[in-house]
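# Summary of the model geometry
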Amino acid sequence: MNQKVIAIDGPSASGKGTVAARVAAALGWAYLDSGALYRLTALYAKNQGIAWNNENEVAQLAASLPVEFIGQTILLNQQDVSQAIRAEHIGMGASAVAKLPAVRTALLQRQRDFLTHQGLVCDGRDMGSVVFPQAALKIFLTASPEIRAERRAKQLNIPLESAEFQHILADIQARDEADQNRSVAPLRQFPDAELLDTSDLSIEEAVKKVLDWYSKKSKTQV
Ligand code: CDP
Ligand code: CDP
């Protein structure tokens, strides 16, 4: 049986979070930013002096993350880390801890617990393939690496002609490579997911497309 879930997977800075949050608001559903859990695990390990490749210890941290989500604010050990987890090096750390099977297992149930009776929109790398394989609608959201780097740079107020921009582009490409080629829960477009390339789409157009797909799916499934 299908779950009342819209699963949006895709590479970094493709617009997953923005689109997923708006779709959730439009439907009145809950929203899960699964990447935040991997980022929180990486930051927590760093703060505790635990190496990102130490599978057992990082998995123990992931299983017991002292985290609270209060609206847009994320508290780790009662400290506001909403900004700190968005740093590019924490993104790389998230990608490093996300390769470890024990860490993924530790975070699995925590992610599933976000589903409420209203419904859930979630975004990440394996929402449709592993966490919610029965999702009513699965989307692979993407855009070219250059456009994604430009979007990230704009978010961070970094000029496109700067060396820092080249750094962002290189980080995005390195993270794509790591996420696509790992052995557990690799990022890829599965045959049951709709492809949504946002390279030439505004946020509003992308949100509309997702809502239209869901509306069509829910009609055919009644
Ligand atoms: O915001 P951005 O797309 O750059 O990254 P994110 O969604 O916050 O995820 C950070 C990292 O966590 C990704 O590069 C993945 O390696 C990992 N991740 C994952 O493995 N599985 C997920 N469901 C979500 C994130
Ligand atoms: O969650 P993910 O890392 O995939 O991306 P995001 O943080 O939601 O989006 C990255 C940036 O791209 C944000 O500033 C969005 O406003 C912007 N964006 C855009 O300009 N056009 C789109 N169609 C989608 C996102």
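The rules behind the values
Residues numbered from 1 in each chain as written. Chains lettered and ligands numbered in written order. Predicted model: local features only at pLDDT ≥ 70, side-chain atom pairs only at ≥ 80, totals over all residues. Heavy atoms only, no water. Near = heavy atom within 4 Å. Polar contact = N/O pair within 3.5 Å; in protein donor to acceptor, adjacent residues only side chain to side chain. Areas by Shrake-Rupley, 256 points an atom, 1.4 Å probe, with all protein chains shown as cover. Helix = DSSP H or I, 4+ residues; strand = E, 2+ residues; numbered from the N terminus. Nonpolar A, V, L, I, M, F, W, Y, C, P; charged D, E, K, R; others polar. UniProt positions renumbered as here; feature names shortened; annotations may be inferred. Buried < 20%, exposed > 50% of the residue type's maximum accessible area, 1.4 Å probe, protein only. Contact = heavy atoms within 4.5 Å.

By the naming in an unreviewed UniProt entry, the chain is Cytidylate kinase, taken from Alysiella crassa.

The next subject is the site of ligand 1. Around ligand 1, 19 residues are found, and the nearest of them are S12, K16, R39, R175 and D179. Here an oxygen atom of ligand 1 and a side-chain polar atom of S95 are 3.4 Å apart. When the free accessible area of ligand 1 is taken as 530 Å², the share hidden by the protein chains comes to 96%. Counting residues per element, the shell around ligand 1 draws most heavily on helix α2 (residues 34–47), at four residues. Residues of the shell around ligand 1, tallied by class, amount to five nonpolar, five polar and nine charged.

In the numbering used here, UniProt assigns the feature "binding site: ATP" (unreviewed entry) to G10, P11, S12, A13, S14, G15, K16, G17 and T18. Along the polypeptide, K16 turns up in helix α1 (residues 16–27). Since its relative accessible area comes to 7%, K16 is described here as buried. Non-local contacts of K16, meaning those with residues more than four positions away in its chain, are made with I8, D9, G10, P11, D123, G124, R125 and L141.

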